[in-house]
Amino acid sequence: MTKFTKTPILYVEVQPKLLTVPEAARYLRLNPRSVYLLAQRGAIPGTRVTGKWLFPERLLGEWLESNARRGKADSAAPADAVSRVFLAGSDDPALDLLAEILAAQPEAPMLFAARVGSVAGLEAVAAGHADVACVHLVDPDSGEYNGSGLGRYIEPRPSALVNLFHRDLGLVVPKGNPRDLASLPDLARPGLRFVNRQPGSGTRHFVDLVLSRAGVEPERVAGYDDAVSTHWAIALRVLRRKADAGVAARSVAQALDLGFVPLVRERFDMVIPKDTFFRPAVQALVEAVRSDGFREGLDRLGGYDSHQSGRVLAEVS
């Protein structure tokens, strides 16, 4: 009688290969900043472990194949500017409205926004890490917004300056303005808590310019170094009584029923390199800015003027 012996079966668990951001960038043929922005938006499969993004190589391959089948990417450029727009720079609540207007268009491109401040946005465009920069930088001498000085940030990429809107910027304060604030120099009053915007942002640039002209040293403003990166964060600090004032757009004060002390009406623009301006995704973005839906949405938000929205104002070089 033949005897059969049981041969033990060895199960080997194959661990998925995990790619770092630079490795994923090489795999997808993108720059690392684009990979990081896609991951933040949940547009590519990845997970954050101890503060670092990791991407399963197999899932990235499936994502790439899926996009290729849908015609939204080719084998050489899965995140091509034909289907996606990367926007970096200054923050404004109306950018969320713009994303909604764009998404409602047929075959709309995906919009990714990094709200890193005007200067960092321009630097991202200059380095090829972003398609469009949002800016509102005031010239200290002329008082002009987004003038010829922008050229030094984006060399060597000649660009078009396209208006998004004009907006009211001012002090967001508790309802009723209990501290009776009227201007930025008032922030130096004893016992008053301020919340600032991050260095490099257009709002921080404006605050620094006004305080300097008034002879107010930053050290005299309690909370000057307490910085956040969005207008909503400013307004929420005031709403929760963690700050007495911050500088932000009128729209966030109105949305949260807070007080608002107007300081300036400023021009908020897009800087678009000429070599990307006519790409379909970028043109779709510009058309969204020109749309009636965007203008009507700005009116509902309050504190905006859309009379130049979508207009090419100048060349930047």
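Every value quoted in this text rests on a predicted model; they were computed, and no experiment measured them.

J.: Can you help me understand the pairing of strand β10 (residues 245-249) in this one?
T.: On a regular strand, one side chain projects to one face of the sheet and the next to the other, so that they alternate. Most of β10 is tucked away, with five of its five residues classed as buried. Sheet topology places strand β7 (residues 159-173) next to β10; four bridges connect them, and they run antiparallel. Note on β10: the bridge partner recorded for leucine 169 is alanine 249.

J.: Got a minute to help me understand the packing of helix α4 (residues 94-103) against helix α12 (residues 292-301) in this structure?
T.: Two quantities define a packed helix pair, namely the angle between the helix axes and the distance between the axes. One way to put it is that α4 packs onto α12 with a least axis distance of 10 Å and a crossing angle of 150°. Relative to α12, α4 is oriented roughly antiparallel. The interaxial crossing formed by α4 with α12 has right-handed handedness. Across the interface between the two elements, Ala94, Leu97, Leu98 and Ile101 from α4 touch Gly293, Phe294, Gly297, Leu298 and Leu301 from α12.

J.: Explain the sheet that holds strand β2 (residues 47-49) to me, please; I cannot follow it from the model alone.
T.: Strands pair in a sheet through their backbones, by hydrogen bonds, and they do so in one of two ways: parallel or antiparallel. Read across the open sheet, the three strands follow the order β1-β3-β2; overall the sheet is antiparallel. Pairing within the sheet leaves two strands with one partner each, and these edge strands are β1 (18-19) and β2.

J.: Before we go on, may I ask you to explain the nonpolar core in this structure?
T.: It is characteristic of soluble globular proteins that their nonpolar side chains tend to be buried jointly. Membership of the largest hydrophobic core comes to 30 residues, with the highest contact counts inside it found for Leu164, Phe165, Met270, Ile272, Leu285 and Phe294. The set of elements that each furnish at least two residues to this core consists of β4 (84-89), α4, β6 (132-135), β7, β11 (259-273), α11 (280-290) and α12. What leucine 285 contacts, discounting residues up to four positions off in sequence, is Val85, Leu87, Leu98, Leu102, Leu111, Val132 and Met270.

J.: Explain the environment of serine 309 to me, please; I cannot follow it from the model alone.
T.: The residue serine 309 is located in the loop between β12 (304-305) and β13 (312-316) in this model. Separated by 143 residues in sequence, serine 309 and histidine 166 have C-alpha atoms that sit 8.3 Å apart. Beyond its immediate sequence surroundings of up to four residues, serine 309 is in contact with Asn163, Leu164, Phe165, Val289, Arg290, Arg295 and Leu298. A polar contact of 2.6 Å, which involves the side chain of serine 309, links it to the backbone oxygen of leucine 164.

J.: How should I be thinking about the packing of α4 against α11 in this particular structure?
T.: Following both chains from N to C, one finds α4 and α11 inclined at 110°, their axes separated by 9 Å at the closest point. By the criterion of interaxial angle, the relationship of α4 to α11 is roughly perpendicular. When you trace α4 past α11, the crossing you get is right-handed. Taking contact as the criterion, the partners of Leu98, Ile101 and Leu102 in α4 are, on α11, Ala284, Leu285, Ala288 and Val289. Among the residues forming the contact of α4 with α11, the class breakdown is seven nonpolar, no polar and no charged.

Basis of the calculations
- Residues numbered from 1 in each chain as written.
- Predicted model: local features only at pLDDT ≥ 70, side-chain atom pairs only at ≥ 80, totals over all residues.
- Heavy atoms only, no water.
- Buried < 20%, exposed > 50% of the residue type's maximum accessible area, 1.4 Å probe, protein only.
- Helix = DSSP H or I, 4+ residues; strand = E, 2+ residues; numbered from the N terminus.
- Pairing = 2+ DSSP bridges.
- Axes fitted to C-alpha atoms, helices over the stretch in contact; angles between N-to-C directions.
- Parallel < 35°, antiparallel > 145°, perpendicular 65-115°, else oblique.
- Left-handed = near helix turned anticlockwise from the far one by under 90°.
- Contact = heavy atoms within 4.5 Å.
- Core = buried A, V, L, I, M, F, W, Y, C linked by side-chain atoms within 4.5 Å.
- Polar contact = N/O pair within 3.5 Å; in protein donor to acceptor, adjacent residues only side chain to side chain.
- Nonpolar A, V, L, I, M, F, W, Y, C, P; charged D, E, K, R; others polar.

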